[in-house]
Amino acid sequence: MQNQKRYKCIACDVLFREFSLAAALSDNVIKLTFMQQGLHSVGAEKMSKTLQEEIDNTDLTQFDAILLGYGLCGYGVSGLHSELPIVIPRAHECIPIIAGDFDKYSEYFDKNHGTFFLSPGWIERAGFGNEDTESEEIMGIRYNREELLERYGEEMADYIAETLGGLDKNYTKYTFIDTGTGNLEMYEEESKRRAEKKGWDYEKLVSENQIAHKLFAGDWNVHDFLIIPPGAKLKPTYDGTIIGYEF
């Protein structure tokens with residue numbers, strides 16, 4: 001018990017299965033709070049405000065650190081701060097976290113441009129009634145430039161408009177990330193169905209969920225994680241580190 005830590009984790013609901021499993025297997029005590037999936041679609045300012053409110057509602061005497069189950073997520077984590085250390089994965093968004101290994105994900109991504117990734121959480125929790133329309137809305141693809149500017153700011157608006165454009169314009173493959181959680185046969189069949197419907201390629205990528213396990217174990221190596229000191233504010237960086245902080 002002497003070395004056991006207590007962490008509060010605030011995470012996107014799309015990571016529910018993977019983070020719940022990792023928390024159950026952790027030697028530390030993990031308090032999980034899952035936020036509504038697609039929170040970043042309300043815009044960076046509103047997302048940051050919502051997450052900060054959850055951080056501010058944390059009893060500082062009960063935990064050793066706050067862990068974030070988010071990447072940069074359209075700058076929606078910008079400005080977050082606490083009197084406790086905050087730990088966040090060095091990722092632009094959730095897919096590398098789900099993939100479980102940033103280096104392996106980067107290698108795969110570099111060789112597979114035009115890939116739309118699916119996972120257990122994206123299939124069962126993202127609210128895809130019409131997967132084309134709703135996935136575009138979640139990713140911000142459907143908005144015009146003025147709406148993108150309002151929601152994400154100029155730099156992210158340019159990125160979405162120029163890089164994503166639309167599903168059918170820039171994507172040619174569905175890759176399902178098998179995280180070993182949930183009804184995998186059903187998820188994979190659904191992923192194949194979507195690929196067949198669009199005439200896209202299909203592939204499966206197996207994840208060992210290592211980012212979540214490391215996060216809850218306190219294995220916060222500088223390559224995969226950033227530790228924001230008490231009182232500092234999280235900020236985006238524009239280099240390979242992705243996320244930084246300032247006082």
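Residues numbered from 1 in each chain as written. Predicted model: local features only at pLDDT ≥ 70, side-chain atom pairs only at ≥ 80, totals over all residues. Heavy atoms only, no water.

**Some points on the sheet that holds strand β6 (residues 173-178)**
Definition in use: Two strands pair under a simple rule: DSSP has to find at least two bridges between them. Secondary structure elements follow DSSP: runs of H or I of four or more residues count as helices, runs of E of two or more count as strands, with numbering from the N terminus. All axes here are fitted lines through C-alpha atoms, helices being fitted over the stretch that makes contact, and every angle between N-to-C directions spans 0 to 180 degrees. Residues are treated as being in contact if the distance between any of their heavy atoms lies within 4.5 Å.
Reading across the sheet, the 3 strands line up as β5-β6-β7 and stay open at both edges, with parallel pairing between neighbours. Every interior strand has two partners, whereas the edge strands, β5 (115-118) and β7 (201-206), have only one. Pairwise comparison of adjacent strand axes, ignoring direction, gives a mean angle of 25 degrees for this sheet. Note: β5 against β6, 4 bridges, orientation parallel. Paired with Phe 117 across the bridge in β6 is Thr 175. Against the sheet, helix α4 (residues 102-111) engages β5, β6 and β7, with an angle of about 140 degrees to β5. Docked against the sheet, helix α10 (residues 184-198) engages β5, β6 and β7, running at close to 175 degrees with respect to β6.

**Examining the pattern of salt bridges**
Counted only if it meets this: Within this document, salt bridges are pairs made up of a side-chain nitrogen of Lys or Arg and a carboxyl oxygen of Asp or Glu, the two lying within 4 Å of each other. Residue burial is assigned from relative accessible area. The probe radius is 1.4 Å, only protein chains are included, and a residue is buried under 20% of its type maximum, exposed over 50%, and partly exposed in between.
Applying the stated rule across the entire model yields 11 salt bridges. In this structure, the salt-bridge partner of Glu 124 is Arg 125, at a minimum N-O distance of 3.3 Å. Taking relative accessible area as the criterion, Glu 124 reaches 31% and is therefore assigned partly exposed. The salt bridge involving Lys 204 is made with Glu 188; its shortest N-O contact spans 3.6 Å. Here Glu 188 lies in helix α10 and Lys 204 lies in strand β7, a separation of 16 residues in the sequence. Classification of Glu 188 as buried rests on a relative accessible area of 17%. Residues participating in the shared-partner salt-bridge network are Asp 13, Arg 17, Glu 124 and Arg 125.

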